[in-house]
Amino acid sequence: MNYPISSRHFREILSKRYMFNINFNFKRLAQIASPLLGLFIFGFSVWAIANELRQYHYLEIVRSLQAIPKNYLLLALVLTILNYFMLTGYDALAMQYIRHPLSYPKTALAAVISYAISNSIGFALLTGSAIRYRFYSNWKLSAIEIGNIIAFCNLSFWLGLFAAGGLVFVLEPLTIPTLLRLPFASVHPIGIIFLLAVVAYLIWNIVGRRSIRIGKLVIPHLPARLSLAQIFITSFDWALAGGVLYALLSSSIPLSYPGFFGIYMLAQIAALISNVPGGLGVFETVILLLLSPSVSSATLFGALLAYRGIYYFLPLGVAVLLLGIYELRRRYTNKSASS
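Residues numbered from 1 in each chain as written. Predicted model: local features only at pLDDT ≥ 70, side-chain atom pairs only at ≥ 80, totals over all residues. Heavy atoms only, no water.

1. Concerning a nonpolar patch on the surface
Part 1: Residues L74, L77, V78, I81, L82, L314, V318 and L322 make up a contiguous nonpolar surface patch of about 640 Å² in total accessible area.
Part 2: Looking at the nonpolar patch, the elements that each hand over two or more residues are α3 (70–98) and α11 (297–338).
Part 3: A total of 5 residues in the nonpolar patch trace back to one element, the largest contributor, which is α3.
Part 4: Checked against the element boundaries, V318 lands in helix α11.
Part 5: The class for V318 is partly exposed, based on a relative accessible area of 42%. (Patch = residues over 30% accessible without salt bridge, like charges linked within 9 Å, V, L, I, M, F, W, Y side chains within 5 Å. Areas by Shrake-Rupley, 256 points an atom, 1.4 Å probe, with all protein chains shown as cover. Salt bridge = Lys/Arg side-chain N within 4 Å of Asp/Glu carboxyl O. Helix = DSSP H or I, 4+ residues; strand = E, 2+ residues; numbered from the N terminus. Buried < 20%, exposed > 50% of the residue type's maximum accessible area, 1.4 Å probe, protein only.)

2. With respect to unusual backbone geometry
Part 1: The phi dihedral of R99 is positive, around 60°, even though this residue is not glycine.
Part 2: By the element assignment, R99 lies in the loop between α3 and α4 (104–121).
Part 3: Its relative accessible area of 75% is what places R99 among the exposed residues.
Part 4: Unusually for a residue other than glycine, K140 sits at a positive phi of about 70°.
Part 5: Take K140: it is sitting in the loop between α5 (124–138) and α6 (143–171).
Part 6: With relative accessibility at 72%, the residue K140 sits in the exposed group.

3. A short note on helix α8 (residues 224–249)
Helical periodicity: at 3.6 residues per turn, an α-helix aligns residues three or four positions apart in one direction.
Part 1: The end-to-end C-alpha distance of α8, which contains 26 residues, comes to 38 Å, matching closely the 38 Å that a straight helix rising 1.5 Å per residue would cover.
Part 2: Of all 26 residues in α8, 19 are buried; the element is thus mostly enclosed. (Expected span 1.5 Å × (residues − 1).)

4. Some details on the packing of helix α9 (residues 257–274) against helix α10 (residues 282–291)
How two helices sit against one another is set out by the angle between their axes and by the gap between those axes.
Part 1: With their axes 8 Å apart at the nearest point, α9 and α10 run at an angle of 145° to one another. As for how α9 packs across α10, the hand of that crossing is right-handed. Note on element contacts: α10 touches α9 through V282, F283, V286, I287, L290 and L291, opposite F260, I263, Y264, L266, A267, Q268, A270, A271 and S274.
Part 2: Residues that form the contact of α9 with α10 fall into these classes: 13 nonpolar, 2 polar and no charged. (Axes fitted to C-alpha atoms, helices over the stretch in contact; angles between N-to-C directions. Left-handed = near helix turned anticlockwise from the far one by under 90°. Contact = heavy atoms within 4.5 Å. Nonpolar A, V, L, I, M, F, W, Y, C, P; charged D, E, K, R; others polar.)

5. What to know about the pattern of salt bridges
Part 1: Throughout the structure, instances matching the rule amount to 3 salt bridges.
Part 2: R134 is the salt-bridge partner of E327, the closest N and O atoms lying 2.8 Å from each other. With a gap of 193 residues between them, E327 in helix α11 and R134 in helix α5 connect regions that are remote in the sequence.
Part 3: On the accessibility criterion, E327 (23% relative accessible area) is partly exposed.
Part 4: Salt-bridge contacts for R308 lead to E284; the nearest nitrogen and oxygen are separated by 2.6 Å. One end of the pair, R308, is in helix α11; the other, E284, is in helix α10, with 24 residues separating them in the sequence. For the residue pair R308 and E284, the accessibility class agrees, reading buried in each case.

6. Focus: the packing of α8 against α9
Part 1: Axis separation between α8 and α9 bottoms out at 10 Å; the angle between their running directions is 110°. If you check the angle between α8 and α9, you find them roughly perpendicular. Where α8 crosses over α9, the two elements pack in a sense that is right-handed. Note on element contacts: α9 touches α8 through Y257, F260, F261, Y264, M265 and Q268, opposite W238, A239, A241, G242, G243, L245, Y246 and L249.
Part 2: When the residues that make up the contact of α8 with α9 are grouped by side-chain class, the tally is 11 nonpolar, 3 polar and no charged. (Parallel < 35°, antiparallel > 145°, perpendicular 65-115°, else oblique.)

7. Concerning the confidence of the model for the protein
Part 1: Taken as a whole, the protein shows an average pLDDT of 78; of its residues, 75% reach a score of 70 or greater.
Part 2: Mean pLDDT across the elements of the protein ranges from a minimum in helix α1 (residues 7–53), with 45, to a maximum in α3, with 94.
Part 3: Low pLDDT (under 50) marks residues 29–42, which in the prediction has 8 contacts with non-local residues, meaning those over four places away or in another chain. (pLDDT = per-residue confidence, 0-100.)

Laid out in structure tokens, this is it:
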């Protein structure tokens, strides 16, 4: 039997449908706008780099790349290896958080492959999470446990950024280029905000008793010992990553490491905000803008090319090789078990 719909009820239906269409269109617009904005920023960064390097012949950049001392290249490689060793600590601490007794070699394998691929390709929430799910589900972890590991590692990433960036921005404040259009003239206020966030997180873990939910974001409650280890490992990870580029510039840069590290962190933050995969172009643009007055752009660009190769592309190649070996061994094991 059909019942007549009142005019008031009809208006409510139309209103809900109208709001649904608005929300749906807004989500679609956001999905389209984000990659377009990233593409625009990438194009602008390429233009800025080309404009900065137009006074140099490409052979000068090649010579600057060849001029990097071999011992500094070796030091950058060693620091990269140490950095990826520290990255395995993210997943090792996550295992302690979920109280799952998985061996360190397995967590290290998943961590190295996921970070090496997500660092170069970008979209860490998609690439790194998919790789972790692939490994950890094969090792009999539940979907909830894997979700908690991913959330823990993502939170750890930002805590390390806030702790390392906050400390260096407070101790070594630098002027923000107007080209970045940030609402601060100096990084000093950003450093204070970052450190306050880290201190608040630590205090809450000491005095609190439960996790905090902010919309879809859940901040897990950790024992004080685990949260301190989390901040130490992730901060040291950022310091080592900056050390890789500093080692490649050591023969030509007039800055101390703390002074350089502030520039490095600002460039990384700009790269993260840009949403460009791997921060490609954006990171280099900020480094060139802030260091080119004291170091020639050709020398900087040569060091940045070496940095991309050592810190991003070399681990990416190793990760793809390890992933291929793992998949082949797993397929061979499954065939042996079924025959």
